[in-house]
Amino acid sequence: MSSNIRVDKTCQFCGNKFVAKTTVTQFCSDNCAKRAYKVRIREQKIQKVSEPDNKTLPYNVLIGRKEFLSIKEAAQLIGASRWTIYRLIDNGKLKAAKLRRRTIIKRIDIDQLFK
C-alpha cells in the first residue's frame, strides 16, 4: 500500500527544496539526515561537558529538606556508615519505622540524636 502524497519541503540541514513523499520527512537525503544526527550528538556532548558538575549538591540539599529519610540518606546526612545507623536503631538511640521492607527514620530524631 503506497501513498501518492507529494509535499514540497525545505531540508532542515542544508536548506535545499525537495519533494517529500511523507508528511514527517525533514531532510532531503540520507546524507543530510546522518549529518544532522552527528551535529545533534556533538552538541549534546558539548552541552554535557559545559554544564557545571553540581550533581552532588542538589541531592544533599534535597536530603536536608526531607522529613523522613532512608537508612542510606540518614547515613549520608550525618557522615556515618549504614551499619552505624543500624546499630543506633538496635541500641534504641535512634527511632525507626518499617514500611514493608524499607526502614524510615524521622529527620527530627536524627537532629535530637546530637542534643
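Before any of the text, the structure's been laid out above.
Source: prediction; values computed, not measured.

The biggest cluster of nonpolar side chains holds 10 residues, and these are Ile-63, Leu-69, Ile-71, Ala-74, Ala-75, Ile-85, Leu-88, Leu-94, Ile-105 and Ile-110. Sorting the residues of this core by element identifies α3 (71-78) and α4 (82-90) as the ones contributing at least two each. At three residues, α3 tops the list of elements feeding residues into this core. Setting aside residues no more than four positions away along its own chain, Ile-63 makes contact with Leu-69, Glu-73, Gln-76, Leu-77 and Arg-107. Core analysis: the second largest hydrophobic core is formed by six residues, Cys-11, Ala-20, Cys-32 and Ala-36 among them.

Once that is clear, we can look at the pattern of salt bridges. By the definition in use, this model includes three salt bridges. A salt bridge links Lys-34 to Asp-30; its shortest N-O distance comes to 3.1 Å. Residue Lys-34 and its partner Asp-30 are located together in helix α1 (residues 30-50), separated by four residues, close to a single helical turn. Accessibility expressed as a relative area gives 48% for Lys-34, which makes it partly exposed.

Along the chain, the position of Thr-103 falls in strand β5 (residues 102-106). Using a relative accessible area of 12% as the deciding quantity, one classes Thr-103 as buried. Reaching out from Thr-103, the side chain makes a polar contact with the side chain of Lys-98 at a distance of 3.5 Å. Not counting the four nearest positions on each side in its chain, Thr-103 is found in contact with Leu-69, Ser-70, Ile-71, Ile-89, Ala-96, Ala-97 and Lys-98.

This part covers the sheet that holds strand β3 (residues 68-70). In space, the three strands of this open sheet follow the order β3-β5-β4, with antiparallel pairing throughout. At either end of the open sheet lies a strand with only one pairing partner, and these are β3 and β4 (97-99). Averaged over all adjacent pairs, the angle separating strand axes in this sheet is 40°, with direction ignored. Where α3 meets the sheet, it contacts β3 and β5, and its direction lies at approximately 95° from that of β3.

Inspection of every chain in the model, using the stated rule, returns one aromatic pair. Between Trp-83 and Tyr-86, the ring centres sit 5.4 Å apart and the planes meet at 45°, which makes this aromatic pair tilted. Of the two residues, Trp-83 and Tyr-86 both sit in helix α4, three residues apart, roughly one turn of that helix.

What follows covers the packing of α3 against α4. Here α3 crosses α4 at 105°, and the two axes come no closer than 8 Å. By the angle between their axes, α3 is roughly perpendicular relative to α4. Contact with α3, carried on its side by Ile-71, Ala-74, Ala-75 and Ile-78, involves Arg-82, Ile-85, Tyr-86 and Ile-89 of α4 and no other residues of that element. Its residues assigned to classes, the contact of α3 with α4 shows seven nonpolar, no polar and one charged.

Definitions and cut-offs
- Residues numbered from 1 in each chain as written.
- Predicted model: local features only at pLDDT ≥ 70, side-chain atom pairs only at ≥ 80, totals over all residues.
- Heavy atoms only, no water.
- Core = buried A, V, L, I, M, F, W, Y, C linked by side-chain atoms within 4.5 Å.
- Buried < 20%, exposed > 50% of the residue type's maximum accessible area, 1.4 Å probe, protein only.
- Helix = DSSP H or I, 4+ residues; strand = E, 2+ residues; numbered from the N terminus.
- Contact = heavy atoms within 4.5 Å.
- Salt bridge = Lys/Arg side-chain N within 4 Å of Asp/Glu carboxyl O.
- Polar contact = N/O pair within 3.5 Å; in protein donor to acceptor, adjacent residues only side chain to side chain.
- Pairing = 2+ DSSP bridges.
- Axes fitted to C-alpha atoms, helices over the stretch in contact; angles between N-to-C directions.
- Phe/Tyr/Trp six-rings, centres within 6.5 Å; stacked < 30°, edge-to-face > 60°.
- Parallel < 35°, antiparallel > 145°, perpendicular 65-115°, else oblique.
- Nonpolar A, V, L, I, M, F, W, Y, C, P; charged D, E, K, R; others polar.

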